[in-house]
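Notes for the structure review
Given next are the chains, with one letter for each unit.
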Amino acid sequence: MQGTQHSQYMHRCLQLARLATGNTFPNPLVGAVLVHNHRIIGEGFHYQAGLPHAEVNCINSVAVSDKHLIPHSTLYVSLEPCAHFGKTPPCSHLIIQHKIPRVVIGCTDNFALVAGKGIEQLKAAGIEVLVGVLEHECWQLNRSFFYYQAKKLPLVTAKWAATANGKAAGTGQERLLITNAATNIFMHQLRATAQAIVVGASTVVADNPLLTVRWGLRKSPMRFIWDRNNICTGREKVFLQGPATLVFVKKENTKLPSHIQQIICTSADGIDEIITYAAEQKLHHIWLEGGPTYQQLWLQANAVQVIYTAVNNALTVPDGLPAPTVPTTFGKEDQYFLGNCTITQYQLLHA
């Protein structure tokens, strides 16, 4: 029963944390819940970098009439409390200061200034600490944060849609609509978790997309375009509105507006330069969207760690452009069913 209760409250921590999706970079998503005698008396989450952390908001949310219960309550938090002075004071100190006797933690933090130190400080103060409740779910929530802390490289997530017979596009000029409204909302929420979205120039020219997050109050990622043959005209939407756009080219494209930054690449596909630039900017997550030929190059270069596919089970086309192939080095992580579409998440094995 106790384990079920722990899971219930940790699920609430995850729900709260996700409310800030796309807004906390470079910090992780964190939710916290304070429970007394099976009643939630406080809850909070980290809104954005520089603002108070989840634990602070949780404790501050406790009603005046319940303040006396804090030293007799259990704090649930999806990520190990920080133990260092950054833009805000250490949350471990705050927990100790309020004499909270028990803390249940989803997963540890691999950020060098935390990395177990928060747990050590709590235990040294005589606080009972339980670690690992819904550990995998809590880790998944901040997968790109952990990946960047470990490797100092951005996590790359590829996403594509396909028909039931494996086509990403038809043969005609008209755009093939594969996904439904629910799938589009889901994918835009995932897009918001990235700091940069990457597409090939053919997608920009053919579809003229904005490449922004259009559902929910989420920050749109920067837009990186690989334009090997300088086919972009500079009149596409990505150059005229929205967040910053960078173009990776073999040689300067004089058709682009002067405010658009161009990065000259020596590699054949621009992959090394895009990843290097993202790492230099300390970006945690790249979202790779298309087109399928360019995505396949990233897969062949072993430059992708996560894949999302959206397959329309009710749609087939007689001929068309094949969707990329999920490599055998990936394992199925999760699956969702939204109307006629099946969304499958794959994870690079041993990443």
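Residues numbered from 1 in each chain as written. Predicted model: local features only at pLDDT ≥ 70, side-chain atom pairs only at ≥ 80, totals over all residues. Heavy atoms only, no water.

Let us now look at the overall build of the protein chain. Assigned secondary structure in the protein chain consists of eleven helices and 16 strands. By the compact-globule yardstick of 20 Å for 351 residues, the protein chain fits well, its C-alpha radius of gyration being 22 Å. By principal-axis analysis of the C-alpha atoms, the protein chain measures approximately 70 × 45 × 35 Å. Buried positions account for 52% of the 351 residues belonging to the protein chain. Considering only contacts within the protein chain whose residues lie at least 6 apart along the sequence, 68% involve residues at least 24 apart. With an accessible surface of roughly 16400 Å², the protein chain has 53% of that area assigned to carbon and sulfur atoms. Positive and negative charge centroids in the protein chain, built from 28 and 22 side chains respectively, lie 4 Å apart. (Helix = DSSP H or I, 4+ residues; strand = E, 2+ residues; numbered from the N terminus. Rg over C-alpha atoms; globule rule 2.2 N^0.38 Å. Buried < 20%, exposed > 50% of the residue type's maximum accessible area, 1.4 Å probe, protein only. Contact = heavy atoms within 4.5 Å. Areas by Shrake-Rupley, 256 points an atom, 1.4 Å probe, with all protein chains shown as cover. Lys, Arg positive; Asp, Glu negative; His and termini not counted. Charge placed at Lys NZ, Arg CZ, Asp CG, Glu CD.)

Let us look at the pattern of salt bridges. When charged atoms on two side chains of opposite charge get close, those side chains can pair. Applying the stated criterion across every chain, the model contains four salt bridges. A salt bridge links Asp66 to Arg39; its shortest N-O distance comes to 3.1 Å. Of this pair, Asp66 sits in the loop between helix 2 (54-60) and strand 3 (74-79) while Arg39 sits in strand 2 (residues 39-45), and the two are 27 residues apart along the sequence. The exposure class of Asp66 is buried, given its relative accessible area of 12%. According to the relative accessible area criterion, Arg39 is partly exposed, its value standing at 39%. (Salt bridge = Lys/Arg side-chain N within 4 Å of Asp/Glu carboxyl O.)

Further remarks concern the sheet that holds strand 2. The strand order across the open sheet built from five strands is 2-1-3-4-5, with neighbouring strands paired in mixed fashion. Looking at which strands have only one partner, the edges of the open sheet turn out to be strand 2 and strand 5 (128-131). Taken over all neighbouring pairs, the strand axes of this sheet differ in orientation by 15° on average, direction set aside. With four bridges joining them, strand 4 (residues 102-107) and strand 5 adopt parallel strand pairing. Directly across from Ile105, in strand 5, lies its bridge partner Val131. (Pairing = 2+ DSSP bridges. Axes fitted to C-alpha atoms, helices over the stretch in contact; angles between N-to-C directions.)

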